[in-house]
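# An overview of the molecular structure
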Amino acid sequence: MQHDATPATSSPLLHQLDVDNNIFNSLLAPLPFEEMNLSHRVVFAPVTRCRARNYCPQEAHAVYYSQRASEGGLLITEAVAISQEGIGFPHSPGIWTKAQVERWCNVVRAVHDEGGYIFCQIWHVGRASHTHYQPDSEGLPCSPVSSTAQRIPKQWLIRLPEGVRAEYSQPRALRTHEIPFVVDQFRRAAQNAIQAGFDGVEIHGAHGYLIDQFLKDAINDREDEYGGSVENRCRFALEVMSAVVLEIGGQKTAMRISPIIDHLGAHDSDPIQLGLHLISRLNDMKLAYLHITEPRMTNKGLKSLAITNA
């Protein structure tokens, strides 16, 4: 008796292989991307290095990034501080001085020599710092700044340069009139990045650092125009993004956000509403891309989240 053959594609295993192959082929497909022609869609994500000296990248940075560059591939740097007040890790780099910009030129050149592209991720850690990292004022260390005077919960600790772990320092809330100055620090850092030759910048607005400290209602307890409603809590982030886009153009500007992530106490009572509102406003800026951290990176884990389709 002759039986009809079962089509190979009906096999669950072979079907999954087809799906996997399609994903694999898509990841390796070229992508015309604004002023870049990406040869594939695998992007090297930011990785904290802690190899800087006096806030300046070293030759090791040029070697590190050039080794990971590929023809037509995109890399995103480790987080680079916009000011000394924005430092919160030992031996992390900045991009607020001429010397730092000159050192970053060497890194960018090394990546470009390999045919790659590179975005500079810029940040301010806000309250996720320690007086050890802050500049002195009249001989006394300054407190870290934030949207709030609330300290980071004691379950999280900061690492000091000698390797010792300590509690995060007590922050002070930025006064309303001080906020435009910080916005301008982001703008100038973006300007410096382009001057160093970077193909663009990614604004770090995630993971409990300064911008996220304004976004999340578990941290932001302000009573001015930067606190309260979701519109107000997004105001600082959008002012930063607008200033940077105006300075270097939307096609060279990107942002990283993490609406659902609760790292460093950055919890929000309605993360989906927060994320959707922020994204709807960012869409108007025609950014190069939006970098979103997956929900599984939470203190309690993905299974504790009750997320429904909006």
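See above for the structure.
Okay, so let's go over this structure. (Residues numbered from 1 in each chain as written. Predicted model: local features only at pLDDT ≥ 70, side-chain atom pairs only at ≥ 80, totals over all residues. Heavy atoms only, no water.)

### Comments concerning the overall build of the protein
Counted only if it meets this: Counting from the N terminus, the helices are DSSP H or I runs at least four residues long and the strands are E runs at least two residues long. Contacts are assigned to residue pairs with any non-hydrogen atoms lying within 4.5 Å of each other. Using a 1.4 Å probe, accessible areas were evaluated by the Shrake-Rupley method; residue-level cover was limited to the displayed protein chains.
Scanning the protein from terminus to terminus reveals eight helices and 14 strands. Of the contacts formed within the protein by residues at least 6 apart in sequence, a portion of 73% connects residues at least 24 apart. Total accessible area computed for the protein in this model is approximately 15,500 Å², and 51% of it derives from carbon and sulfur atoms.

### Considerations on the packing of helix α4 (residues 179-195) against helix α7 (residues 235-248)
Put simply, the rule reads: Between the N-to-C directions of two axes lies an angle of 0 to 180 degrees, each axis being a line fitted to C-alpha atoms and, for a helix, fitted only over the stretch in contact. It is the rotation of the near helix from the far one that decides the hand of a crossing: anticlockwise by less than a right angle makes it left-handed, clockwise makes it right-handed. Residue polarity follows a fixed list, in which Ala, Val, Leu, Ile, Met, Phe, Trp, Tyr, Cys and Pro are nonpolar, Asp, Glu, Lys and Arg are charged, and the others, Gly among them, are polar.
Relative to each other, α4 and α7 sit at 35 degrees, their axes nearing to 9 Å. Taken as a pair, α4 and α7 cross one another with a handedness that is right-handed. Contact with α4, carried on its side by I179, V182, V183, F186, R187, A190, Q191 and I194, involves F236, E239, V240, A243, V244, E247 and I248 of α7 and no other residues of that element. Residue classes in the contact of α4 with α7 are distributed as eleven nonpolar, one polar and three charged.

### A few points about the packing of aromatic side chains
What describes a pair of aromatic rings is the distance from one ring centre to the other and the angle between the planes of the rings. Operational definition: Paired rings are identified among Phe, Tyr and Trp, the last through its six-membered ring, by centres lying within 6.5 Å, and are further divided according to the angle between planes into stacked (under 30 degrees), edge-to-face (over 60) and tilted (the rest).
The final tally for this structure, using the stated rule, is nine aromatic pairs. Relative to W96, the ring of Y55 lies with its centre 5.3 Å away and its plane at 45 degrees, an arrangement referred to as tilted. Of this pair, Y55 sits in the loop between β3 (43-44) and α2 (59-67) while W96 sits in the loop between β4 (74-81) and α3 (98-113); the two residues are 41 residues apart in sequence, bridging distant segments of the chain. Seen in terms of ring centroids, W123 and Y209 are 4.7 Å apart; in terms of plane orientation they differ by 70 degrees. Their pairing is edge-to-face.

### Remarks on the nonpolar core
The condition that has to hold: The nonpolar core is taken to be a set of buried Ala, Val, Leu, Ile, Met, Phe, Trp, Tyr and Cys residues, with the residues joined through side-chain atoms within 4.5 Å. Classification of residues uses two cut-offs on accessible area relative to the type maximum, computed with a 1.4 Å probe and protein chains only: under 20% is buried, over 50% is exposed, and between them is partly exposed.
Of all hydrophobic cores here, the largest spans 54 residues; its most connected members are I95, F186, I203 and F236. Looking at this core, the element that brings in the most residues is α7, giving nine residues. Other than its neighbours up to four places away in sequence, I203 contacts I122, F186, I211, V240, M241, V244, A254, M255 and R256. Judged by nonpolar contacts, the second largest core, of 15 residues, contains A79, W123, V125 and A128.

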